[in-house]
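Structural description and commentary
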Amino acid sequence: MKNILVTGGAGFIGSNFVRYLLRKYPQYNCIVYDKLTYAGNMDNLRDLGDDPRYFFVRGDISDREEVDKVMVDHSIDSIVNFAAESHVDRSIIDPDAFVQTDVVGTCVLLDAARKHSIERLHQVSTDEVYGSIEKGMFKEGDSLEPNSPYAASKAGAELLVRAYHETYGLNTVVTRGSNTFGPYQYPEKIASLFITNAIDDHPLPLYGDGTQVRDWLYVEDHCSGIDVVLHEGQAGQVYNLGGGNERTNIIVTKLILELMHKPESLIVSVQDRPGHDRRYALDCTLLHSLGWHPVHSFEDAFEKTVSWYRENEWWWRDIKSGAFKEYYQQQYGDRLRASAGVR
Ligand code: NAD
Ligand code: DAU
């Protein structure tokens with residue numbers, strides 16, 4: 001491996017991964033290929049500007065010609081595919097872009113991987129492909145029962161990856177990551193939204209009763225897990241990648257407020273997300289057998305994350321003052337007004 005195409009590398013996890021890879025492997029070149037949707041942001045990669053091993057190409061993973069060109073221009077030998085529409089709530093409002101990028105785009109990348117005989121394609125997937133689990137933990141062989149258009153499109157992508165391995169012998173690996181938090185997360189997800197809202201003393205719109213459970217994973221641990229599977233994973237294999245930090249949303253919300261010395265009165269219970277999965281939980285025995293374990297404690301990593309958003313207002317204030325406002329209004333306007341009426 002030498003020239004790694006990181007699709008979606010201008011997003012949250014992708015940009016953290018590029019930084020991680022360049023730091024750990026001095027011999028690698030990282031070619032970020034990103035459409036720069038609302039979630040893609042060159043500021044996420046600003047500190048890499050003059051590193052001679054980092055290249056940026058703006059492009060869409062579902063555009064065959066552009067993908068072909070970047071593969072040739074940079075002699076790509078491996079692909080790590082982060083590029084996706086990633087937010088569940090947006091997939092409920094408008095699923096089309098999710099099918100186009102997450103499913104069709106992945107198919108285009110798989111074809112390019114075949115055509116250019118690359119060494120390995122790593123598909124970055126999610127625990128949401130399993131659906132919800134009341135008790136116990138999902139294992140890699142369990143059935144896929146996605147419940148949101150986002151989860152369904154990620155499951156569709158994964159099935160294509162599987163099919164290309166089985167049919168064409170393509171060297172693929174998949175990681176199913178759990179809920180990730182840390183620096184550079186677009187402020188639409190619960191962690192980044194609630195931290196930045198709390199800084200401004202704005203309400204934290206908690207869906208339903210807040211008892212849904214997610215397994216929290218610090219972004220550095222997500223990156224190291226992908227690194228291990230990219231280098232050590234068995235071809236054709238899927239790996240669960242979870243932090244082992246199951247918490248209800250209400251607990252996470254209260255932790256954020258406690259770390260920020262803000263009152264719990266900022267929490268506003270709003271209308272629930274349709275089809276809201278109650279609980280995700282992953283059995284990560286397989287990945288642990290490759291020697292990977294998360295090294296960041298949940299509370300310490302959350303504290304670090306809160307500090308990062310406090311110290312980097314330049315990064316998120318810009319985002320929140322732009323097109324984000326319209327989205328926020330559409331997603332939360334009625335919900336917050338209805339809650340105010342109830343109280
Ligand atoms: P993100 O929304 O922050 O970033 C997505 C990136 O993909 C953006 O830079 C965007 O511009 C780019 N992109 C979107 N459509 C594209 C297209 N057609 N062509 C090229 N680039 C395109 O997402 P994230 O939270 O960093 O997630 C990255 C990946 O990890 C996704 O595949 C997601 O499904 C998966 N994942 C995320 C989490 C999480 O908690 N955030 C957990 C598990 C798995
Ligand atoms: O599990 C992995 C997945 O985690 C990734 O595949 C997705 O890309 C990522 O967006 C994330 O999905 P979730 O839907 O779990 O994340 P989100 O931050 O949107 O929501 C986390 C929980 O918080 C969920 O139970 C819904 C709740 N929530 C979310 C928001 C945005 C709220 O209560 N209020 C909110 O405003």
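Refer to the structure printed above.
Note that the structure is predicted; figures quoted are calculated from it, not measured.

Definitions and limits used
- Note on numbering: residues in each chain are counted from 1, in written sequence order.
- Labels follow written order: the first chain is A, the first ligand is 1, and so on.
- Given that the model is predicted, a residue must reach a pLDDT of at least 70 before its local features are reported, and side-chain atom pairs must reach 80 or more before they are shown or counted; all residues, however, enter totals for whole chains, interfaces and linings.
- To obtain the side-chain values, all non-hydrogen atoms of the structure were used and water was disregarded.
- For helices, the fitted line uses only the C-alpha atoms of the stretch in contact; every axis is such a line through C-alpha atoms, and the angle between N-to-C directions lies from 0 to 180 degrees.
- Numbering goes from the N terminus for both helices and strands, where a helix is a DSSP run of H or I of at least four residues and a strand is a run of E of at least two.
- By definition in this entry, angles of less than 35 degrees are roughly parallel, angles greater than 145 are roughly antiparallel, angles of 65 to 115 are roughly perpendicular, and the rest are oblique.
- For a crossing to be left-handed, the near helix must be turned anticlockwise from the far one by less than a right angle; the clockwise case is right-handed.
- What makes two residues a contact is simply this: any of their non-hydrogen atoms within 4.5 Å.
- As a working rule, the residues Ala, Val, Leu, Ile, Met, Phe, Trp, Tyr, Cys and Pro are called nonpolar, Asp, Glu, Lys and Arg charged, and the rest polar, with Gly in that last group.
- Given a helix with a known number of residues, its expected span is that number minus one, times 1.5 Å.
- Partly exposed describes any residue whose relative accessible area lies between the buried limit of under 20% and the exposed limit of over 50%, with all areas from a 1.4 Å probe on protein chains only and scaled to the type maximum.
- Arc definition: it is the arc formed by the directions from the helix axis to the C-beta atoms.
- We call a residue near a molecule or strand whenever a single non-hydrogen atom of that residue lies within 4 Å of it.
- Each polar contact in these results corresponds to two N or O atoms within 3.5 Å; when the atoms are within protein, one needs to be able to donate a hydrogen and the other to accept it, and residues that are neighboring in sequence are counted only if both atoms are side-chain atoms.
- Only the protein chains shown count as covering a residue, and every accessible area follows the Shrake-Rupley method with a 1.4 Å probe.

On to the packing of helix H8 (residues 249-260) against helix H10 (residues 298-311), then. To describe two helices that pack against each other, one gives the angle between their axes and the distance between the axes. In the contact formed by H8 and H10, the axes pass within 10 Å of each other and the chain directions differ by 60°. Taken together, the axes of H8 and H10 lie oblique to each other. Crossing handedness for the pair H8 and H10: right-handed. Residues Val252, Leu255, Ile256, Leu259 and Met260 of H8 touch H10, and the partners they reach there are Phe298, Glu299, Phe302, Glu303, Val306 and Arg310.

A few words now on the packing of helix H6 (residues 190-199) against helix H11 (residues 313-320). Remark: H6 packs on H11, axes separated minimally by 12 Å, with the N-to-C direction vectors making an angle of 95°. Relative to H11, the element H6 lies roughly perpendicular. In contact with Leu193, Thr196, Asn197 and Ile199 of H6, H11 contributes Glu313, Trp316, Arg317 and Lys320. Its residues assigned to classes, the contact of H6 with H11 shows three nonpolar, two polar and three charged.

All right, on to H10 then. Taking 1.5 Å of rise per residue, 14 residues should cover 20 Å, and H10 covers 20 Å from first to last C-alpha, within 8% of that figure. Where H10 is concerned, the buried positions are Phe298, Ala301, Phe302, Thr305, Val306, Trp308 and Tyr309. Seen along its axis, H10 keeps its buried residues to an arc of 160°; they face one direction. On its buried face, H10 is in contact with strand E7 (179-181), H6, strand E9 (213-218), strand E11 (246-248), H8 and H11.

The environment of ligand 1 is made up of 29 residues, and the closest members are Ile13, Asp34, Ser86, Tyr150 and Lys154. Within the contact set of ligand 1, an oxygen atom lies 2.6 Å away from a side-chain nitrogen or oxygen of Tyr150. Where the shell around ligand 1 is concerned, the elements lending two or more residues are helix H1 (12-24), strand E5 (120-126), helix H5 (149-168) and E7. The element best represented in the shell around ligand 1 is E5, accounting for three residues. Counted by class, the shell around ligand 1 contains 11 nonpolar, 14 polar and four charged residues.

Taking 1.5 Å per residue, 12 residues should reach 16 Å; H8 reaches 17 Å between its end C-alpha atoms and fits that length. If you follow the buried residues of H8, they end up packed against H6, strand E8 (204-207), E9, E11, strand E12 (267-270) and H10. Following H8 by one or two positions, His261 adopts a phi angle in the positive range, close to 55°.

Our focus in this paragraph is the site of ligand 2. What surrounds ligand 2 is a group of 26 residues, the closest being Asp127, Tyr150, Arg273, His276 and Tyr332. Residue Arg214 places a side-chain N or O atom 3.0 Å away from an oxygen atom belonging to ligand 2. The fraction of the free accessible surface of ligand 2 (680 Å²) that becomes covered by protein chains is 95%. Only helix H3 (88-93), H6 and E8 provide two or more residues apiece to the shell around ligand 2. Of the residues that constitute the shell around ligand 2, the class distribution is 10 nonpolar, nine polar and seven charged.

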